Amino acid sequence: MNIPLLNLSRQHEVIQSKLTEALLKVVDSNNYIMGAEVRAFEAEIAAFLGCRHAISCGNGTDALVLSLKALGIGAGDEVITSPFTFFATAEAVSAVGATPVFVDVDPVTFNIDAAQIESKITVRTKAILPVHVFGQPADMDALLALARRYRLHVVEDGCQAIGASYKGSMAGTMGDIGCFSFFPTKNLGALGDGGLIVTNDDRLAAILKGLRVHGSGPAGLQALKAMQQLGGGADNASTVRHPEADDPGAKYYNYVVGANSRLDEIQAAVLRIKLPHLKNWNEDRIRLADVYRRELSVSCLQHPALAEDVIHVHHLYIVQSACREELISYLNEKGIATGIYYPVPLHLQKVYERLGYREGDLPVAEYLSTRTFALPLYPGMSDSEQNYIIAAILQFEKERMPQ
Ligand SMILES: *Cc1c(COP(=O)(O)O)cnc(C)c1O
């Protein structure tokens, strides 16, 4: 049997005819970027997440970059984040000219260890950027308390955790800003790139809406006004005549330096069809995770632990093994795909050599990078597929592991 890490056709099967119908409708609409589908999707996902503003953009990485820019974070600033995440988290910090400061992770949840943050705060620290890694929310109470005490911003990287919750609040909605990705493999995936920024702050929302469209037109003007109200380092106020919002030329008046980061109508139409299924799909992931945990309880694999009072949406089912490489090749021989997340913690990546970290600096992240890997898990995975994987792991242990 061949089992991929993720099989998206199981999700698409169910909505196939709706998808093709919606795609054709967009083709006929003559409107392909940030139109009616995008507006409707933003309203629907804001309601799903329970937040005031949902602002779509080009991808999850842009969501992070625009968020940091909106908060006025740039050269000379430091942002505290996790070393055990996808590169984009730290890349966004570097992209705005700031420096990522890595704090080790908790060995149980793999999320940033709040207890180790305080000693890394300096006068240059502007924000904490926690990642809800693999779908489990970080320790937000502790992070928000630190942020309040030191007047830091909190930007949540919720790219792997859409629909997860922490003490009843949706992941991504607790900090100043939350970021999501609709990369096809995420729990809510488009048929291409897409991203989302959420906030309950009206002024940040105005800035973000302007930034994603080159800081131009009415949205750009609103962004400039919001930046001035926040006293940020916005570009100088313009003395040029401000065109009316409905003036077709308004688009060619620029007020702040932003970016081109918008969601396509096609992706929004796809996401609108998928969103009503997200809760069920996440529940299916949770059910499959429970089966792995129960059926492999005697195995020497270490299973992902659940923090208290959270809903973990198992973007990836990450186990630990002392003989990872051997087990992975055994499973691969049996047609079972696996993936290593993450083989190199970010503080030891070549690109961050200049930051001066050494091996041993963040021991938990380094240890995990030698032991963790993902087993296949996706909504619609069949019992026979999962049983085949479970049997293969138990067989490996019987054959290869000393009793
Ligand atoms: C996927 C992901 C991103 C980036 O999202 P893209 O849409 O691929 O740009 C950022 N952070 C984390 C933790 C991710 O998993």
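Residues numbered from 1 in each chain as written. Predicted model: local features only at pLDDT ≥ 70, side-chain atom pairs only at ≥ 80, totals over all residues. Heavy atoms only, no water.

**Notes on the sheet that holds strand E4 (residues 125-129)**
Read from one edge of the open sheet, seven strands run E1-E9-E8-E5-E4-E2-E3, paired in mixed fashion. In this open sheet, the two edge strands, each paired with only one partner strand, are strand E1 (53-57) and strand E3 (99-102). Looking at each pair of strands side by side, their axes are set apart by 25° on average, direction ignored. Across five bridges, E1 lies against strand E9 (residues 195-199) in antiparallel orientation. Across the sheet, Cys 57 pairs through a bridge with Gly 195, a residue of E9. (Pairing = 2+ DSSP bridges. Helix = DSSP H or I, 4+ residues; strand = E, 2+ residues; numbered from the N terminus. Axes fitted to C-alpha atoms, helices over the stretch in contact; angles between N-to-C directions.)

**Considering the domain arrangement of the protein**
According to the domain assignment, the protein contains domain 1 (8-273) and domain 2 (278-400). A separation of 27 Å is found between the C-alpha centroids of domain 1 and domain 2. Of the residues lining the interface, 43 residues belong to domain 1; the matching set on domain 2 comes to 40 residues. On the domain 1 side of the contact with domain 2, Arg 10, Phe 134 and Asn 187 bury the most area, a combined 20% of that side's loss. For the salt bridge of Arg 10 with Glu 385, the shortest nitrogen-to-oxygen distance reads 2.8 Å. (Domains from an automatic or database assignment. Contact = heavy atoms within 4.5 Å. Buried area = accessible area lost by both parts, 1.4 Å probe. Salt bridge = Lys/Arg side-chain N within 4 Å of Asp/Glu carboxyl O.)

**Overview of helix H10 (residues 324-333)**
Considered for burial, the residues of H10 that qualify are Arg 324, Leu 327, Ile 328, Tyr 330 and Leu 331. Each buried residue of H10 lies within a common arc of 160° when the element is viewed along its axis, so the set occupies one face. Looking at the buried residues of H10, the elements they touch are helix H11 (363-371), strand E12 (372-375) and helix H12 (383-400). Looking one or two residues beyond H10, the residue adopting positive phi is Gly 335, at roughly 85°. (Buried < 20%, exposed > 50% of the residue type's maximum accessible area, 1.4 Å probe, protein only. Arc of directions from axis to C-beta.)

**Regarding the side chain of Arg 212**
By the secondary structure assignment, Arg 212 is in the loop between helix H6 (202-211) and helix H7 (217-229). Of the polar contacts made by the side chain of Arg 212, one reaches the side chain of Glu 42; its length is 2.8 Å. Setting aside chain neighbours within four positions, we find Arg 212 in contact with Met 34, Glu 42, Ile 55, Ser 56, Leu 66, Ala 259, Asn 260, Ser 261 and Arg 262. (Polar contact = N/O pair within 3.5 Å; in protein donor to acceptor, adjacent residues only side chain to side chain.)

**Describing unusual backbone geometry**
Geometrically, the link from Tyr 341 to Tyr 342 is a cis peptide bond, its omega value of -5° lying close to zero. Along the chain, Tyr 342 falls in the loop between H10 and H11. Its identity as a non-glycine residue notwithstanding, Met 34 has a phi of 50°, on the positive side. Tracing the backbone through its elements, the reader meets Met 34 in the loop between helix H1 (9-29) and helix H2 (36-49). Classification of Met 34 as partly exposed rests on a relative accessible area of 27%.

**Thoughts on H1**
Taking the largest bend as the criterion, H1 deviates by roughly 75°, centred on Ile 15. Within the sequence span of H1, burial applies to Gln 11, His 12, Ile 15, Leu 19, Ala 22 and Val 26. Those residues of H1 hidden inside the fold are in contact with H2, helix H8 (265-274) and helix H9 (278-295). Where H1 ends, the next residue or the one after it, Asn 30, has phi of about 65°, a positive value. (Bend = angle between axes of the 7 residues up to and from the residue.)

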